[in-house]
Amino acid sequence: MTEGTAQRTGAPTELGVAVLGMGNVGAEVVRIITENAEDLRARIGASLVLRGVAVRDLERGRGIDRALLTDDPAALVRRDDVDIVIEVLGGIEPPRELIRTALQQGKSVVTANKALLAEYTGELATAAAEANVDLYFEAAVAGAIPVVRPLMQSLAGDKVQRVAGIVNGTTNFILSAMAETGADYDEALAEAGRLGYAEADPTADVEGYDAAAKAAILASIAFHSRVTAADVYREGISSVTAEDLASAAKFDCTVKLLSICERVVGDDGRERISARVYPALIPLSHPLATVSGAYNAVVVEAVDAGRLMFYGQGAGGAPTASAVMGDVVMAARNKVYSGRGPLESTYASLPVMPIAQVPTRYYVAMNVVDRPGVLETIAGEFAKHGVSIAAVRQEGGADATRLIVITHRAPDGALAETVSALENMEAVTAVSSVLRMEGTHE
Ligand code: NDP
Ligand code: HSE
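Residues numbered from 1 in each chain as written. Chains lettered and ligands numbered in written order. Predicted model: local features only at pLDDT ≥ 70, side-chain atom pairs only at ≥ 80, totals over all residues. Heavy atoms only, no water.

- Looking at an unreviewed UniProt entry, one finds the protein named Homoserine dehydrogenase and attributed to Gordonia crocea.
- Comment text from UniProt for the protein, heading Function (unreviewed entry), reads "Catalyzes the conversion of L-aspartate-beta-semialdehyde (L-Asa) to L-homoserine (L-Hse), the third step in the biosynthesis of threonine and methionine from aspartate."
- The record held by UniProt for the protein lists under Sequence similarities (unreviewed entry) the comment "Belongs to the homoserine dehydrogenase family." (UniProt positions renumbered as here; feature names shortened; annotations may be inferred.)

Here is the structure:
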């Protein structure tokens, strides 16, 4: 039997699609719907018919029939002949209201909007469940890489322990350029914008908000709990310097913005979730160290499956549209065969562990006065807070010296207190950089 031939009696032969947004992602979605119409029809068992495309600027030439464009997404979503709504506008409002309306009216929704999902998956998933329709969002995490569906469906019978990786293309592009070509931070950021990787406001990328939103989505799915962006500890890359990358290289490391979601056990023996995003040193031998440019990689560790690695293009119009269209085909098939995808699963309701209790390793770079005994005093401050030093490197200067300390694993709170104490020491003229270190076993 070929795909699409097992047509259910009375099943629709065409499905109306509304695309909200025709920017980097939306333009590619419209292209795929148009160019691949025949294949999509065969895979779905019904034709996808573009009913309209919502944009802000109706005057700009878009290469599609002008009659399809509208600047009224609310009216488009409400049309009776729309069965599937694809939301690729970005931002919280109006997408939140538009998606809720679409779901309440029995339309399935596909969205790439991680910022929205990281806050409102709960209410939107409830609306989808009540209307018995699909809410899919594979494209919201790691662009083209299938990671949401593997976590939600393929690993549904396993116990996921950890989901960690590089989930922001813009920051990986910037850090790779700084490490590999010595490029300037601003130049690399501007190029990421030109290539369609960066968000409309790149603060979301460089300050780690985008990665934190994705971490919230991943942690929610992996640990069957509701985790929002506010639960994710977050630091961005805007204070990572060329000097840090050069120092990292001397320790055979590089710097990556990591998103880490894991099960941890608290002092009371209860399982919790740690979800955190920060730039960290990782050894050059670590698999994530070779992920460069706008590529993303996500490593999943599950009890029975073991370690799985997902790698590919994490941003950009066409790669993201590929993930969107995968969801559209799934939602469309469900319309044709009267099925529906998995519901949100939050039964475990694990609490989130505060960052202060999470064990991490630190890289601390500081400028110190060059005189006998300074190293000993500084080492004493680490010891006072119960933080053990793993390595020290001294880089000379005229009358000041750059000192780099790498610690063993200790609770993040103890490390933060150590850094505060160092900042107040007379022998330390400045703590210039504090980064975590990941991917080692010490
Ligand atoms: P763009 O800024 O390139 O495009 C946004 C589109 O939405 C534009 O066509 C814009 O219209 C339209 N739009 C915005 N607000 C309104 C409104 N109120 N009414 C009507 N139209 C509106 O964004 P992207 O395509 O880059 O991103 C879209 C979504 O996909 C975001 O949620 C983003 O986070 C997500 N995403 C993006 C990825 C990427 O690599 N770019 C990767 C993964 C997810 P106009 O063209 O007239 O300005
Ligand atoms: N701005 C995001 C990034 C787009 O750079 O990864 C993909 O989600």
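That covers the picture; the talk isn't over yet.
**Some words on the overall build of the protein**
Reasoning step 1: Regarding its fold elements, the protein presents 14 helices and 17 strands.
Reasoning step 2: Its C-alpha atoms give the protein a radius of gyration of 24 Å, within 12% of the compact-globule value 22 Å for 442 residues.
Reasoning step 3: Taken along the three principal axes of its C-alpha coordinates, the protein extends 85 × 50 × 35 Å.
Reasoning step 4: The long-range fraction of contacts in the protein, counting pairs at least 24 apart against all pairs at least 6 apart in sequence, stands at 74%.
Reasoning step 5: Carbon and sulfur atoms form 49% of the exposed surface of the protein, whose accessible area is close to 18600 Å². (Helix = DSSP H or I, 4+ residues; strand = E, 2+ residues; numbered from the N terminus. Rg over C-alpha atoms; globule rule 2.2 N^0.38 Å. Contact = heavy atoms within 4.5 Å. Areas by Shrake-Rupley, 256 points an atom, 1.4 Å probe, with all protein chains shown as cover.)

**Quick word on helix α5 (residues 114–131)**
Count 3.6 residues to each turn of an α-helix, and residues three or four apart come out pointing the same way.
Reasoning step 1: Taking 1.5 Å per residue as the helical rise, α5 with its 18 residues ought to reach 26 Å, whereas the 22 Å between its terminal C-alpha atoms falls clearly short.
Reasoning step 2: Turning to α5, its buried residues number three or more, namely K114, L116, L117, A118, T121, G122, L124, A125, A127 and A128.
Reasoning step 3: Contacts made by the buried residues of α5 are with α4 (95–104), β5 (108–111), β6 (135–136) and α10 (209–222).
Reasoning step 4: The first or second residue beyond α5 is N132, which carries a positive phi of 60°. (Expected span 1.5 Å × (residues − 1). Buried < 20%, exposed > 50% of the residue type's maximum accessible area, 1.4 Å probe, protein only.)

**Structural notes on the UniProt feature "binding site: L-homoserine" (unreviewed entry) in the protein**
Reasoning step 1: Under the UniProt annotation, "binding site: L-homoserine" (unreviewed entry) lies at E199.
Reasoning step 2: Among the structural elements, E199 can be located in the loop between α8 (185–194) and α9 (203–206).
Reasoning step 3: A relative accessible area of 29% means that E199 is categorised as partly exposed.
Reasoning step 4: Among all residues touching E199, those that are not within four sequence positions of it are K114, A204, D205 and D210.

**A short note on the UniProt feature "binding site: NADPH" (unreviewed entry) in the protein**
Reasoning step 1: Those places that UniProt annotates as "binding site: NADPH" (unreviewed entry) correspond, in this numbering, to K114.
Reasoning step 2: Among the secondary structure elements, K114 is positioned in helix α5.
Reasoning step 3: For K114, a relative accessible area of 13% gives the class buried.
Reasoning step 4: Those residues in contact with K114 that lie beyond four places of it in its chain are A140, E199, D210, A213, K214 and I217.

**A look at the site of ligand 1**
Reasoning step 1: In the vicinity of ligand 1, 25 residues are found, and the nearest of them are M22, D57, R62, E199 and G316.
Reasoning step 2: Within the backbone of G23, an N or O atom sits 3.1 Å from an oxygen atom of ligand 1.
Reasoning step 3: G316 places a polar main-chain atom, nitrogen or oxygen, 2.6 Å from an oxygen atom of ligand 1.
Reasoning step 4: Computed on the free molecule, ligand 1 has an accessible area of 900 Å², of which 86% lies beneath the protein chains in the complex. (Near = heavy atom within 4 Å. Polar contact = N/O pair within 3.5 Å; in protein donor to acceptor, adjacent residues only side chain to side chain.)

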